[in-house]
Every structure is written in structure tokens, then in C-alpha cells.
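# Architecture and fold: a report
So you can see what is in the structure, the chains are spelled out below.
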Amino acid sequence: MKPQTKKLFLLLILIHFSTSLVFGQRQMETLDRGIIAVKEKGHFYIGWRVLGTDPDNLFFNLYRKSGNNKAVRVNENQISGATNLIDTEAKEHESNTWFVKTVENGVEKEALGSFTIPAFSPDKDYLSIPLKEIAGYIPNDVSVGDLNGDGKYDLIVHMTGKGADNSFKGITDSPVFQAYTLEGQFLWEINLGKNIREGAHYTQFMVYDLDGDGIAEFVCKTADGTMDSAHNVVGDVSKDWRDTNPDSPTFGKIISGPEYLSVFDGKTGKLITTSEYIPARGNIGAWGGKGGNGKNDATGNRVDRFTACIAYLDGVHPSVVMCRGYYGRTVLAAWDYKDDKLTSRWVFDSQDGNNPFSGMGNHGLSVADVDNDGKDEIIFGAMCVDDDGKGMYTTGFRHGDALHVTDLDPETPGLEVFGVHEIEEGTKGPGVALFSAATGKVLFTASENEDVGRGVADNIDSSRIGAQMWWSGSSSLFDIKGNVIGLAPRSANFLIYWDGDSSRELLNSNYIDKYGVGRLFTANGASSNNGSKSTPALSADILGDWREELILRSTDNKELRIYSTTIPTAIKQYTLMHDPQYRLSIAWQNVGYNQPPHTSFYMGTGMKPAPKPNIKLVPFSRIATEKL
């Protein structure tokens, strides 16, 4: 090969590798600074957001305006570190408002959309969102999205009446969804109607800005009689497809009639478009497969178990993925939404029990870029579906109840998956498994041939680097290599970032514990959801700095309560909502058996600075972007 030809050949190779590693920027919502002020004894705790797109040399100044007085700067020196501050000079009985200004290269600018949630009153340690009550209904799962394009998250509440697990007969109430601003303003209400059954495995909903216009959409399965906020009806309102025969094995279930997928305007709650649901139920006795609980049934159980998620399947734009079945046949249908239309992207179908992906789905799922190609995969229990809708791998361990996907072991490249599995009806295998998210290579198993219902993995021991694992049926806490290192926490339900370090705290019911320390916080007068699973309405980083807020319903079901930490931290971290994997986990948190969100990078003791997210913020739809 001639020298000139060799140089050209090497140059082409370098260009190929450099361009193959340059991914498109993911479309992501623009947020304001999310300032929050919480009144404590003798002072106020103030916290605000760092954005994922902020330059490293961006500093902040915090200002307080009291009554009609001129605003004064609270901090003495420009704030270059963690974005929280204790204001000891503010008077408790004055009307105080805080705002921040950014400082870059010595130039101070107003931070776009800066506002403060009104400081909590002395007798409340939470922000109250009064609810529009519906007789016989209580608030359950919550999701968030910017519904009006002002850079603040709004709340979408699943109001639940009488519900039923798919394995049980019975008439249920119609699922209802309501939307509220953080200031407590009621926005809209959507009633899915009598032809959509209420239940944790049935009624899945997604909230996300799918088309990049700065307004989040609301997406869910609909049927004849679904009514939007303006009383527009999907299909034929006169139809009743429920089995109303009390003696029937499918009493109360809906095993015939049309099924739809609908998109609603997040700002108004009005119906935008509707398509036929994929897949159709078809033969309800053909949704079984291999493994425990994999047999077929004719009672509408396996056919009507649903999950859903949002994923960046092209690496740039979010798609909605609606899923049906997991005990046996499992179908994932990806949709793109643009110009007010839904378009089918691909359909994954595990088909029958002869397919290796049959029976591998979970009661929930996760979304992550497991192969580091800039595009998302769907980790669905014991299997993984690639961004193109083709099966990547399966461990063969069958379905389970709990799933955690993140960088659990910082010493090992890539992400790991930790989950538990139901071993029943004569099946064999591990009840607990840890495996590589990229390849499915099994790294650790435990509880052989035991049916394990719950399990958690994350860094909860702030004295150790890497995640810890624990699960029901075992009293031991394991490190991520599988070594016993102590006693397991009493709870194995949820997690939350709450105190000042980067490890995670234990969220269970209405309280937060720190492993090895004890109780940090109790939300008196508030309740969790979903019985013994004790899950919050939502836990997510929606306000203040990078720590997570806790949203619970009041015990009288008249309001939602948003709790935020007041513990100072020295850690500067951009908002977790600008990490795409974490943001997507907030979208799927309400699905099936709710699971805590996780980041795309190792977060915990000994963590390195979080990598900058490869995102492009969509413009505000209402606020002038030149104020950024």
C-alpha cells in the first residue's frame, strides 16, 4: 500500500470511529430553576436546580424580596458549589420571595422562569395540592410533565375507585385522571369510561413531551366511552362491553369490543388522536407460555396485563411503547407521535411458548441505553428488547415483581440489572439474579428455587463503594459481588435521595430511614399506596436541587402532599431529570408494581462527577427563551 493511500485509509478509519461515537442529542424538556423555600425553626432552607446543559463555570446569586422592599442578595460570595443555602436573615412573618440569577464570565442574568413555591407555613412541612374530590375515589399514582410550557412540572393524578386485579372477577369503577399545577390549580379531568377496567396491571398511562413542542402529552389505552376534558368521546358511548353476568368466569372483565390508543393534549386535556390498540386481544386463551404462571387461561387474566414506557428508540426523539402480557406471550408496540398523528414504529411479539422470550416479562420494566449506541433498549424482567424492536437476549429466569437497572458496580463497565423472580408451579431457577444489562451475562444468583417477591439494589451504605442488594426471604445484606456484609433493611420497597450524601435512603410507607442510622423523616398525616407495597404517589427530583421530592396522599384523601428535604448538601449535581434514563424512569414509575427510579451512571459513595447528558432542550412554549 502506497504511503498516501495508507494515510487516507487510516484517516477514513479515524473518521468512522469518531463519527460512530457522536450520537444525536436527545430532545429534553426545558426547566426553570425550580426554587423551593421551606420554613424551619429560625431560618429558611432554599434550594434550586442546576440544569444538565449548564456550563461548568456558571455561578449563582440568590436574592430575597420581602414585601415591598428592594430585593437583597442573600449570599456573600457567588455560589459555585451546591445549590442550596440556609437563609437566617429572612423574617418568618414577612412575605418573602426568593429568586436566583446566573453569573457567567462575570455577567449576571436573570434565570429563566425563576419562581418560588410559597414558603411552607409553620404548621406544615409540605406543599399542599387540594384535590377535586370524586365520591368513592382516592388519589393513587402520579406522573409529572410540563403541561403548559412554563418550565415547571405539573401533576397528573390517577384517581382510583373500586379496582380489581386481573386474576379476580368483578365490576370496577372507571379510571379517572386529573391534572394540577404545583400552585394547586386544577387543569382538567379525563374519564376512561366503563370499558376500561381499573387495576394496577390494567390502567397504564404515559406523560411526556413526545413531539418537542414544550407541552407534555398524556397517552393511554382507551375504549368506547372514554371522555376527554371537553366531553369529546372516543368510539361509541352507548356501548357496554363488560361481562355483567355474576355467574360468568369473566364477570366484570372486558374481553370483547374495540381497543384504542389515544393521545390527549396535556394543556387542555382534549383528545388529539386515536389509533387501534396494538396488539389486539385476539384469542384470549392464547396468551400463555412457559414457566410458572405461564399456562393459558380463558378468564381474561393473562391477556389483559399491561405495561408501558417511553424510550428514545432513534436516540433523539421519544417514542411511546405500549406492552401487553408477560406471563406467556409478550408484545411490545412502539409508536411515534408527530404532527398530531400516531405512527406504528415496530412490534415485538414473543408469540408462543416455543419462543425463548415467552414468559420473560415483568410486572414492570425499565428503559436504558444498555449497549451504549445512543439509543434505548427496554429491559423487561428477564429479557431485553433492542431499539429496533428485536430481542437482544433473555436470561431464561422468567417473570418477576421487582427490577433495578443502573451502574450498580462502578468497577465493572456498563450497567447492571438486578431483579427477583417468581419460582412457582413446579419451575426451577434462581429467585434473585444480577446480570449485565448489555449482554445478559449472569453475574450473581441466589435463593435457588425460591419464589422471591421483592428485592432492591442501590448504594445505601455510605461507608461502601458500589451498590448493596437485599430481598424478601433473606435477612442478609449483600455487596454487589455477592458477599454478605450485614443485616438487610427491614423494608424492600422504595428508595430516595434525601440527606446530604450521594448514597440512597430507604423510603417505605410514609417514612424515610437511613441504613445504619435510623429514621430521618416521617410524613405525619400522609399515606402510601398499593397496600403492603407501600409505594409513594411519586418520588422524583421535581423541585430544588438534585434530591428527590416525596409525593403522598393525605390520609383523608383530600390533597396531595409534596415533601422536600431541608438537609443541606455540599454536592453540586445537575437535576436528575436531565439524565435521560432517570427522566424516563419517572415516566414508567407508575406502571404495574411501582419501582424507584435510577440514573444512567453510578451514583453513591465514591462516585465520579456525573457525565454531561447529551441533550438538547426544547424551547419554552410560553416564556421568551432570550432570558436564558
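Residues numbered from 1 in each chain as written. Predicted model: local features only at pLDDT ≥ 70, side-chain atom pairs only at ≥ 80, totals over all residues. Heavy atoms only, no water.

## Regarding the pattern of salt bridges
Test applied: Salt bridge, as used here: a side-chain nitrogen of Lys or Arg that lies within 4 Å of a carboxyl oxygen of Asp or Glu. For helices the rule is a DSSP run of H or I covering at least 4 residues; for strands it is a run of E covering at least 2, with both sets numbered from the N terminus onward. The classification of residues rests on relative accessible area computed with a 1.4 Å probe and restricted to protein chains. Under 20% of the type maximum is buried, over 50% is exposed, and intermediate values are partly exposed.
The final tally for this structure, using the stated rule, is 28 salt bridges. The closest approach of N and O atoms between D458 and R504, which form a salt bridge, is 2.9 Å. Here D458 is found in strand β31 (residues 455–458), whereas its partner R504 is found in the loop between β35 (494–496) and β36 (505–508), with 46 residues between them in sequence. Like D458, the residue R504 is buried in the burial classification. Between R504 and E548 there is a salt bridge, with the nearest N and O atoms lying 3.1 Å from each other. You can see R504 sitting in the loop between β35 and β36 and its partner E548 sitting in the loop between β40 (538–540) and β41 (549–554), a full 44 residues away along the chain. What makes E548 buried here is its relative accessible area of 0%. Each of K221, E259, R281, D304 and R324 takes part in salt bridges that share partners, so that together they form one network.

## Some points on helix α2 (residues 580–588)
Since the α-helix packs 3.6 residues into each turn, any two residues three or four apart lie on the same face. For α2, the buried fraction is high: nine of the nine residues fall into the buried class. Residues P580, Q581, Y582, R583, L584, S585, I586, A587 and W588 constitute the buried set of α2.

## Description of the packing of aromatic side chains
Put simply, the test is: What counts as a ring pair is set by centres within 6.5 Å for rings of Phe, Tyr and Trp (its six-membered ring), and what kind of pair is set by the plane angle: stacked under 30 degrees, edge-to-face over 60, tilted for all other angles. Criterion for a charge above a ring: Lys NZ or Arg CZ within 6 Å of the ring centre, and within 35 degrees of the ring normal.
Per the counting criterion, the structure on display carries 24 aromatic pairs. When the ring of F418 is compared with that of W471, the centres are 6.3 Å apart and the planes differ by 35°; the resulting orientation is tilted. Residue F418 is located in strand β28 (residues 416–420), and its partner W471 is located in strand β32 (residues 468–471); the two are separated by 53 residues in the primary sequence. Each member of the pair F418 and W471 is classed as buried. Judged by centre distance (6.3 Å) and plane angle (50°), the rings of F444 and W471 are tilted. One end of the pair, F444, is in strand β30 (residues 442–448); the other, W471, is in strand β32, and 27 residues separate them in sequence. Assessed through its relative accessible area of 12%, F444 is described here as buried. Members of the aromatic cluster, each reached through a chain of ring pairs, are F177, W188, F205, F218 and F264. In this structure, R329 packs its charged tip against the face of W287, placed 4.2 Å from the ring centre. The ring centre of Y511 lies 3.9 Å from the NZ or CZ of R519, which sits over that ring.

## Digging into the sheet that holds strand β34 (residues 484–487)
Pairing between the strands of a sheet is mediated by backbone hydrogen bonds and can be parallel or antiparallel. Selection rule: At least two bridges found by DSSP between two strands is the condition for calling them paired. Here the axes come from fitting lines to C-alpha atoms, over the contacting stretch only for helices, and the angles between their N-to-C directions go from 0 to 180 degrees.
Strand order in the open sheet formed by four strands is β31-β32-β33-β34, with antiparallel pairing between adjacent strands. Two strands bound the open sheet, and with one partner strand each, they are β31 and β34. Mean inter-strand twist for the sheet, computed between neighbouring axes without regard to direction, equals 25°. Alignment of strand β33 (residues 476–479) against β34, held across three bridges, turns out to be antiparallel. The residue of β34 that forms the bridge with F478 is V484.

The analysis is restricted to geometry; functional conclusions fall outside its scope.
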